[in-house]
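Given next are the chains, with one letter for each unit.
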Amino acid sequence: MPAAGIEKAHMTDLAPEEFRRLGYAVVDWVAAYRAELPDRPVRPDVLPGGVRAQLGTLLPEDPVPLELLLSEMDRVVVPTTLHWQHPRFFGYFPANASLASLLGDLLSGGLGGQGMLWSTAPAGTEVEQALLDEFAAALGLDAGFTFAGGGGGTIADSASSAALVVLLAALQRSSEGRWRDEGVTGRERVYVTAETHSSLAKAVRVAGLGGRAIRVVEPVPGSVTMSAEALDQMLAADAAAGLRPVLVCPTVGTTGTGAIDPVGAVTEVARRHDVWVHVDAAWAGVAALCPEYRWLLDGVAEANSFCTNPHKWALTAFDTSLLWVRDATALPAALSITPEYLRNPASDSGEVVDYRDWQVSLGRRFRALKLWAALHVHGLSGLRAHLRRHVRLAGALADRISAEPGFVLAAPRSLALVCLRLDTGDPQADDRATRELLEAVNDSGRAFLTHTVVDGRYAIRIAIGGITTGEDDLDALWEQMRDTARALRPGAATHLGSARKSTGRG
Ligand code: PLP
């Protein structure tokens, strides 16, 4: 008769040897998938419903070999997947699921813990605290954002979740502690720009403030960035009208064009009006790891909270959104609720961080491991090289666009984000052609791009950030775009070739 432990393993989970064998097979599959990516079309040729139509039953009554799942990956999943890790994925902001970070995620899953309290995950909690403290220093964030400085950091699943919990903390603070019991009054207001990420508008609604709570601050004339003067006036007028300004959210690197709000000036105004400032640097913030981009965080030292996403541009798989607050008690003050079953001496001592009080959900994974793993494999130097490579490639692409008749930058290049449109002097026709250009590139499968609207004009965004994206990928994209633009508008080819260069806003 087998030993009880082995018998139990066979009944409830994979035996260790079987796990090893299947684990190696899965790692082999991922390695081959990543290696073959450059030869695949970036975007799948699939219509809505086209994935389900190919699926058999997903719930076998009796066990089937896991290898069959890998063949379903090959047969159904891979051909119908938008390949975010493809070197010619330039859409949205690329997602940096580095192989190193996947291994860290595996370690986290292997431990399989729940990090809601320090006592349920002492290692998970303190590694995360230490990592966030050190990462803050590497970014050049003010020491007030570290645990030693009275603040502290956490790893949220997303910048959207980070914005929500920060808003709740700001509501608690601005209501002098009444929000937890009394809820919102309908007079709360949140200040953004037209370019602020939609997650803020969502957080406002999830928090029950209603869409009317969103106040869009006028931009600095001639730009899209938040005007501190306009904010000042709006805050004063709202307070005088009996409204309650709760939170201001400047962005470092907007999603549309990578615009950077004047955080220092905004923060100075907000502090005078005693309003919480949350800096959303979801994409661009990690660039401050490079000393030459430290200026991105100018003014952040005076903000109340700051967020940046390594899952966008710092070699770490989703979900890794780093959130720092200057006051370590602010999130627990808003979110901590302690049923009897969670009581424990460590929490009662007040000497530990219980990360459940820094987020909406109770349970949480050991997310720090994937960032830690990526840092082991690549180091800060590797991370910096990765960021600098993309900024360099973006600079070269922007130069090509500026030099090409018929193309213009739709906005100034921001770090590794380039926005462009076709320009022959006929706005309607140019918008149509720009859209057709994007569609033609995406349909070809040779690259993937997304769009935005700048000054009411359709623009293509090229977000350079793929882990394996190199010069050859940008060369191929540029040639394809140039040739496609000519082919799309044969009548305008001469015009495209001789158009007076417009500088756009670039
Ligand atoms: N903020 C900015 C500036 C973004 O660009 C994005 C996503 O692109 C977000 C917030 C939302 O990020 P997440 O997916 O982590 O919620």
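Residues numbered from 1 in each chain as written. Predicted model: local features only at pLDDT ≥ 70, side-chain atom pairs only at ≥ 80, totals over all residues. Heavy atoms only, no water.

**Quick word on the overall build of the protein**
Assigned secondary structure in the protein consists of 17 helices and 11 strands. The C-alpha atoms of the protein give 25 Å as radius of gyration, which agrees with the globular expectation for 506 residues (23 Å, within 12%). Expressed along its principal axes, the backbone C-alpha trace of the protein runs to roughly 80 × 70 × 40 Å. Every one of the 506 residues in the protein was classed for burial, and the buried ones make up 50%. Across the protein, contacts joining residues at least 24 apart in sequence account for 74% of those joining residues at least 6 apart. (Helix = DSSP H or I, 4+ residues; strand = E, 2+ residues; numbered from the N terminus. Rg over C-alpha atoms; globule rule 2.2 N^0.38 Å. Buried < 20%, exposed > 50% of the residue type's maximum accessible area, 1.4 Å probe, protein only. Contact = heavy atoms within 4.5 Å.)

**Some remarks on the domain arrangement of the protein**
Taken as a whole, the protein is organised into domain 1 (16–85), domain 2 (113–365) and domain 3 (375–503). Of note, the centres of domain 1 and domain 2, computed from C-alpha atoms alone, are 37 Å apart. (Domains from an automatic or database assignment.)

**Quick notes on the sheet that holds strand 11 (residues 457–463)**
Hydrogen bonding along the main chain pairs the strands of a sheet, whether they run parallel or antiparallel. Here 4 strands make up an open sheet; going across it, the order is 8-9-11-10 and the pairing antiparallel. Pairing within the sheet leaves two strands with one partner each, and these edge strands are strand 8 (407–409) and strand 10 (450–454). The sheet shows a mean angle of 40° between the axes of neighbouring strands, direction not considered. The pairing of strand 9 (residues 417–422) with strand 11 spans 4 bridges and is antiparallel. Looking across to strand 11, one finds that Leu-417 is bridged to Ala-463. Sheet contacts for helix 14 (residues 368–403): strand 8, strand 9 and strand 11; angle to strand 9, the most-contacted strand, approximately 15°. Against the sheet, helix 16 (residues 471–488) touches strand 8, strand 9 and strand 11, its axis set at about 130° to strand 8. (Pairing = 2+ DSSP bridges. Axes fitted to C-alpha atoms, helices over the stretch in contact; angles between N-to-C directions.)

**Digging into the site of the ligand**
In the region of the ligand, 13 residues are neighbours, and Ala-159, Ser-160, Thr-255, Asp-280 and Asn-309 sit closest. A distance of 2.5 Å separates an oxygen atom of the ligand from a polar atom in the side chain of Ser-160. Here an oxygen atom of the ligand and a side-chain polar atom of Lys-312 are 3.2 Å apart. When the ligand sits alone it has 390 Å² of accessible area, and the protein chains cover 86% of it. Within the residue set of the shell around the ligand, elements represented by two or more residues are helix 6 (159–174) and helix 11 (310–313). Residues that form the shell around the ligand fall into these classes: 3 nonpolar, 8 polar and 2 charged. (Near = heavy atom within 4 Å. Polar contact = N/O pair within 3.5 Å; in protein donor to acceptor, adjacent residues only side chain to side chain. Areas by Shrake-Rupley, 256 points an atom, 1.4 Å probe, with all protein chains shown as cover. Nonpolar A, V, L, I, M, F, W, Y, C, P; charged D, E, K, R; others polar.)

**Remarks on unusual backbone geometry**
Excluding glycine, residues mostly have negative phi values, and the peptide bonds linking residues are mostly trans. The omega torsion across Phe-318 and Asp-319 is 15°, close enough to zero to call that bond cis. Phi is positive for Leu-315, which is not a glycine, with a value near 60°. Here Leu-315 lies in the loop between helix 11 and strand 7 (321–325). Residues other than glycine seldom take positive phi values, yet Asp-455 does so here, at roughly 50°.

**Considering the environment of Trp-372**
Relative to the elements of secondary structure, Trp-372 occurs in helix 14. In this structure, the C-alpha to C-alpha distance between Trp-372 and Arg-43, residues 329 residues apart in sequence, is 31 Å. Sequence-distant contacts of Trp-372, defined by excluding residues within four places in its chain, comprise Val-127 and Leu-131.

**Quick look at the pairing of strand 5 (residues 276–280)**
Two faces belong to every sheet, and in a regular strand the side chains alternate between them. Among the 5 residues of strand 5, 5 are classified as buried, and the element is accordingly described as predominantly covered. By the alternation rule, side chains of strand 5 split into Trp-276, His-278 and Asp-280 and Val-277 and Val-279, which are all buried. Both strand 4 (residues 244–248) and strand 5 contribute to a ladder of 2 bridges, which runs parallel. Directly across from Leu-247, in strand 5, lies its bridge partner Trp-276. Looking at chain direction, strand 5 and strand 6 (residues 305–308) are connected through 3 bridges and run parallel. Looking at strand 6, one finds that Asp-280 is bridged to Cys-307.

**A closer look at the side chain of Asp-280**
Counting through the fold element by element, Asp-280 comes out in strand 5. For the buried Asp-280, which has no salt bridge, the nearest side chain bearing the opposite charge is Lys-312, at an N-O separation of 7.4 Å. Once you skip the residues sitting within four places of it in the chain, Asp-280 turns out to touch His-197, Cys-249, Pro-250, Thr-251, Val-252 and Cys-307. (Lys, Arg positive; Asp, Glu negative; His and termini not counted. Salt bridge = Lys/Arg side-chain N within 4 Å of Asp/Glu carboxyl O.)

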